[in-house]
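# Working through the structure, step by step
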Amino acid sequence: MALVALVSVSFAPPARAEDTITTQPYVDLLNLGALKELGISGKGITIALFDGPVDTSAPELAGANIVDKSRCTVNDSPDGVRHATDMATLLVSPYTGVAPDATLYTYQAITEDSQPGGTCRNGADAADSIDKLINQAVDDGAQIISMSLSNSDNGSELKWAIARAISEGVIIVSSSGNGATNQNHSHLGKWSGVVGVSAINTDGTFASYSSWGNGVVTAAVGGPVNTVDANTGAPTTTSGTSNATALVSGMLALARQKWPNATPNQILQSLVHSGLNP
């Protein structure tokens, strides 16, 4: 299955019903309508999203199967909430989600937009450290983990959490970042077995903002993605590797539904052989 995907976004005042995001440029590009007609919609698959708090009252998420599994809470900025909400929308929105019938488990984590407050705390023993979130998602039965958080931790806890996820068949998908540089050192893609994602434009060209590195496995559309301004609620668009990561995660969910007897390694080999382009 060829994969294509989208960066981050922000939170706004409650959107009106007429402001519901019902269209996205990537829907036709990924031929999602035809997949839905074939019954390939992520049904029976569970995706874990590591990000800020998701605003489940957003109209584009109405009817989506989202369960908050957070280990702690984050006092996030409007931008941080909107970003997390956009990731959830790309994954499971009944209107434009790649895998609208999948179950989405959300796990709050401190991001660059987070503000003081909440129960999550920075530090090696933090409840929202990436290694703890990975282990929790595995325990909760997630089959795919989608995250767009930078992480320079080289600790053994993270290494073993990734190894455990891989050994138990959980696919981890992570963004490469938006610094337009080789950022392999600061993203999970540097670890063997993690699917690192860069961004491309809708015409297939490499996105100028996208970072790269040896850990990148595939690329997907990073934008433009329709959203709303975090502070005004006005329609706007975003671009970035976060969007691309969510789209790749959603496509992997479709693949796992389509071929339920395939091993995660077979799914990943399919990705490597069909989702690469020099």
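Residues numbered from 1 in each chain as written. Predicted model: local features only at pLDDT ≥ 70, side-chain atom pairs only at ≥ 80, totals over all residues. Heavy atoms only, no water.

## Section: the sheet that holds strand E4 (residues 103-108)
In a beta sheet, neighbouring strands are held together by backbone hydrogen bonds and run either parallel or antiparallel to one another. Counted only if it meets this: One bridge is not enough; two strands pair if DSSP finds at least two bridges between them. We count a stretch as a helix when DSSP gives it H or I for four or more residues in a row; a strand needs E for two or more, and each element gets its number in order from the N terminus. Axes here mean lines fitted to C-alpha atoms, for a helix over just the part in contact, with angles spanning 0 to 180 degrees between N-to-C directions. Every residue pair with non-hydrogen atoms within 4.5 Å of one another is taken to be in contact.
Pairing within the open sheet is parallel, and its seven strands lie in the order E2-E4-E1-E6-E7-E8-E9. For this open sheet the edge positions go to strand E2 (65-68) and strand E9 (216-221), each flanked by a neighbour on one side alone. On average, adjacent strands in this sheet sit at an angle of 25 degrees to one another, irrespective of strand direction. Here strand E1 (residues 46-51) runs beside E4; their pairing, made up of six bridges, is parallel. Note that in E4 the partner of Leu49 across the bridge is Thr106. On the sheet, helix H6 (residues 241-258) packs against E1, strand E6 (144-147), strand E7 (171-175), strand E8 (195-200) and E9 and is oriented at approximately 160 degrees with respect to E7.

## Overview of unusual backbone geometry
For the record, the criterion: The buried label applies to any residue whose accessible area, calculated with a 1.4 Å probe on protein chains only, is under 20% of its type's maximum; exposed applies above 50%, and partly exposed to all values in between.
Between Gly223 and the following residue, Pro224, the backbone shows a cis peptide bond with an omega angle of 5 degrees. For Pro224, the position within the fold is in the loop between E9 and strand E10 (225-228). Positive phi values are uncommon outside glycine, yet Asn31 reaches one of about 60 degrees. With respect to the helices and strands, the residue Asn31 is situated in the loop between helix H1 (25-29) and helix H2 (32-37). Positioned with a positive phi, Ala180 is a non-glycine residue whose angle comes to about 55 degrees. Its relative accessible area of 32% is what places Ala180 among the partly exposed residues.

## A closer look at the environment of Gly63
With respect to the helices and strands, Gly63 occurs in the loop between E1 and E2. Here Gly63 falls in the exposed class, since its relative accessible area comes to 76%. Along the chain, Gly63 and Tyr95 lie 32 residues apart, while their C-alpha atoms are 9.9 Å from each other.

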